[in-house]
Amino acid sequence: MCPPVVVWGAGISPAALSRPTWLRIPWGFDRQIQSIKTAGGRLCAFFLNDNDADGHDVSWIYDVDFERIADTPGLVAFAGGTRAHDMQVRLKYAGIDAAIISDVAQAIGAVADEAADDTFYAVANYTAFPPLVKELDGLKGATADAVAGRAVARADGSALPVGIAPVELSRPLRIVYLYPDALNLYGDGGNVIALERRCAWRGIPVRVDEVRMGESLDLTDTDIVMMGGGSDRDQLAVAHELLAQKDKVASYVEDGGSLLAICGSYQLLGRSYYMGEDRIEGLGVIAAETVRGSDRLIGNVAVKTDLAPEPFVGFENHGGRTLLDAEATPLGTSVITGTGNNGDDGFEGLIYKGVIGTYLHGPALPKNPELADWLIAHALERRGDAQATALLPLTPLDDTYEHAAHDAAMKLLP
Ligand code: GLN
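Computed from a predicted model, the values in this text were never measured in an experiment.

## So, the environment of G214
Along the chain, G214 turns up in the loop between β8 (206–211) and β9 (224–227). Take G214: its relative accessible area is 64%, and that puts it in the exposed class. Sequence separation between G214 and E241 is 27 residues; the distance between their C-alpha atoms is 7.3 Å.

Here it is, written out as structure tokens:
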């Protein structure tokens, strides 16, 4: 991730329109967010493209700390680029309701009535940058009225639940994010954000604990565990770390604990992961094993499951091929696009008790909210007490943005 950026002062007076305040070379989105925060900026647009030069996987936006600017008073945000809907969902999960734009003039037009000394910040990744600069050049000398005529409606904040009544639970729902320092290959930490937000939006008290490498694992009173993907090297390190604590994971799984394991950690839950002659011993808590192939399986993926009417979507990037034992149940019963577990049998992932193992990065949960809710519901069901059971079935949330991002992902498929 090394996105170019333009941060542009837009007082919407003709003078301001003709004068970008800063133009910068590629830096990181995260640094730009920090700059906006430091400057107290509150008018911003984020452009996200997924062309060849950008990379087709946009999961990294979940590694950007948009949360940092979410509480800026009067924040007005917009999302653009070929993956505008992914950006909109990311911002929503950061607590920012953003309107979709197809060009920067639509955003500038929408803030044309703001004070002339306010600054408009536009941040774009690689291929989104040149057209943005070109468009800004084309706007030089435009009158405020002309730009205002292109405005889109600002987001009104209604995508984010407000006035949420807290519900009573004997103790908060505890999410354990296992090894964020080793297993967070393609924005998988976004799954934790999605779980936490979807509980909070329902008033369900929730607590997230991160367990890092070297720390002892305590799964007592744990309701959901999330483990991301990792390179073979990190996977090996985690295997060493976890094998010594295998019994804790095994009893959590057998007790029906909710566990989301993505890619490398999904492989680790199986019996073994073979890299040629080398064998990484797995935890053996699911009926599967993985063998590394000669090439990597990379690309957008969509799979039909029994958990939702629409296919789940994501991005896969793995060398391992996972084979389920005959008695195991796949999560995805038929791969529409992509390869899934191994590219041969049409299966993707696995579902066992409360465990979901899957190759879906993206991260998986924000664009597949039914999967997030399945894990939450399963965790509440496992609690089994009256307070937890009273929350089922889960109150529906407004998933308009999530579904739009999902539908946009489906359109990317060949
Ligand atoms: N190391 C594993 C593989 O390449 C997992 C990669 C991942 O987590 N994306 O198969």
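Structure shown, so let's carry the discussion forward.
## Quick word on the confidence of the model for the protein chain
Mean pLDDT over the protein chain: 90, with 93% of residues reaching 70 or higher. Below a pLDDT of 50 lies the segment residues 1–26, which in the model reaches 84 contacts outside its immediate sequence neighbourhood of four places, other chains included.

## As for empty space enclosed by the protein
In the structure shown here, the tally under the stated rule is 2 cavities of 30 Å³ or more. Its boundaries defined by the atoms lining it, the largest cavity holds a volume of some 90 Å³. When residues of the lining of the largest cavity are traced back to their parent elements, those giving at least two are β13 (288–305) and β14 (312–324). Among the elements that line the lining of the largest cavity, the one with the most residues is β14, at 3 residues. Along the lines of polarity and charge, the residues of the lining of the largest cavity split into 7 nonpolar, 6 polar and 3 charged. Estimates place the volume of the second largest cavity at around 30 Å³.

## A word on the packing of helix α3 (residues 84–93) against helix α14 (residues 400–411)
The N-to-C vectors of α3 and α14 enclose an angle of 150°; their axes lie 8 Å apart at closest approach. Looking at the two axes, α3 sits roughly antiparallel to α14. Classified by chirality, the crossing of α14 by α3 is left-handed. Mapping the contact onto sequence places H85, D86, Q88, V89, K92 and Y93 in α3 and Y401, E402, A404, A405 and A408 in α14. For the contact of α3 with α14, a count of residues per class yields 6 nonpolar, 2 polar and 3 charged.

## Looking at the layout of surface pockets
Gaps left between atoms show up when a probe the size of a water molecule is rolled over them. Taken as a whole, the second largest pocket encloses approximately 150 Å³ of empty space. For the second largest pocket, the full set of lining residues is A70, L75, V76, A77, G95, I96, D97, R154, A155, G157 and L160. Tallied by class, the residues present in the lining of the second largest pocket amount to 7 nonpolar, 2 polar and 2 charged.

## A word on unusual backbone geometry
With an omega of -15°, the peptide bond running from G362 to P363 counts as cis. Inspection of the secondary structure assignment puts P363 in the loop between β17 (355–358) and α11 (364–367). That bond from L392 to P393 is cis: its omega, -5°, falls within 30 degrees of zero. Assignment of secondary structure puts P393 in the loop between α13 (386–389) and α14. The backbone of C263 shows a phi angle near 50°, a positive value even though the residue is not glycine. With respect to the helices and strands, the residue C263 is situated in the loop between β10 (258–262) and α10 (264–269).

## What about the packing of aromatic side chains?
For any pair of aromatic rings, geometry is given as the distance between the ring centres together with the angle between the planes. In the structure shown here, the tally under the stated rule is 6 aromatic pairs. With a centroid separation of 5.3 Å and an interplanar angle of 70°, the aromatic rings of F29 and W60 are classed as edge-to-face. A residue pair is termed long-range when its members are at least 10 positions apart, and F29 in helix α2 (residues 29–39) and W60 in the loop between β3 (43–47) and β4 (76–80) qualify at 31 residues. Look at F29 and you get buried, because its relative accessible area is 0%. With centroids separated by 5.2 Å and ring planes inclined at 80°, the aromatic side chains of F46 and F66 adopt a geometry described as edge-to-face. Of this pair, F46 sits in strand β3 while F66 sits in the loop between β3 and β4; the two residues are 20 residues apart in sequence, bridging distant segments of the chain. Since its relative accessible area comes to 0%, F46 is described here as buried.

## What about the pattern of salt bridges?
One pass over the full model with this rule turns up 33 salt bridges. With a closest N to O distance of 3.6 Å, R171 and D221 form a salt bridge. On the criterion of sequence distance, the pair formed by R171 in the loop between α6 (144–148) and β7 (173–178) and D221 in the loop between β8 and β9 is long-range, its members being 50 residues apart. The residue R198 makes a salt bridge to E402 at a minimum N-O spacing of 3.8 Å. With R198 in helix α7 (residues 190–200) and E402 in helix α14, this pair connects stretches of sequence that are 204 residues apart. Taking relative accessible area as the criterion, R198 reaches 0% and is therefore assigned buried. Residue classification places E402 among the buried residues on the basis of a relative accessible area of 0%. Taken together, the shared-partner salt bridges connect K92, R198, R202, D373, D399 and E402 into one network.

Criteria and cut-off values
Residues numbered from 1 in each chain as written. Predicted model: local features only at pLDDT ≥ 70, side-chain atom pairs only at ≥ 80, totals over all residues. Heavy atoms only, no water. Helix = DSSP H or I, 4+ residues; strand = E, 2+ residues; numbered from the N terminus. Buried < 20%, exposed > 50% of the residue type's maximum accessible area, 1.4 Å probe, protein only. pLDDT = per-residue confidence, 0-100. Contact = heavy atoms within 4.5 Å. 1 Å grid on protein atoms, 1.4 Å probe; cavity = no way out; pocket = protein on both sides within 12 Å on 5 of 7 lines; lining within 4 Å. Points joined across faces, edges and corners; volume = space filled by probe spheres on them. Nonpolar A, V, L, I, M, F, W, Y, C, P; charged D, E, K, R; others polar. Axes fitted to C-alpha atoms, helices over the stretch in contact; angles between N-to-C directions. Parallel < 35°, antiparallel > 145°, perpendicular 65-115°, else oblique. Left-handed = near helix turned anticlockwise from the far one by under 90°. Phe/Tyr/Trp six-rings, centres within 6.5 Å; stacked < 30°, edge-to-face > 60°. Salt bridge = Lys/Arg side-chain N within 4 Å of Asp/Glu carboxyl O.

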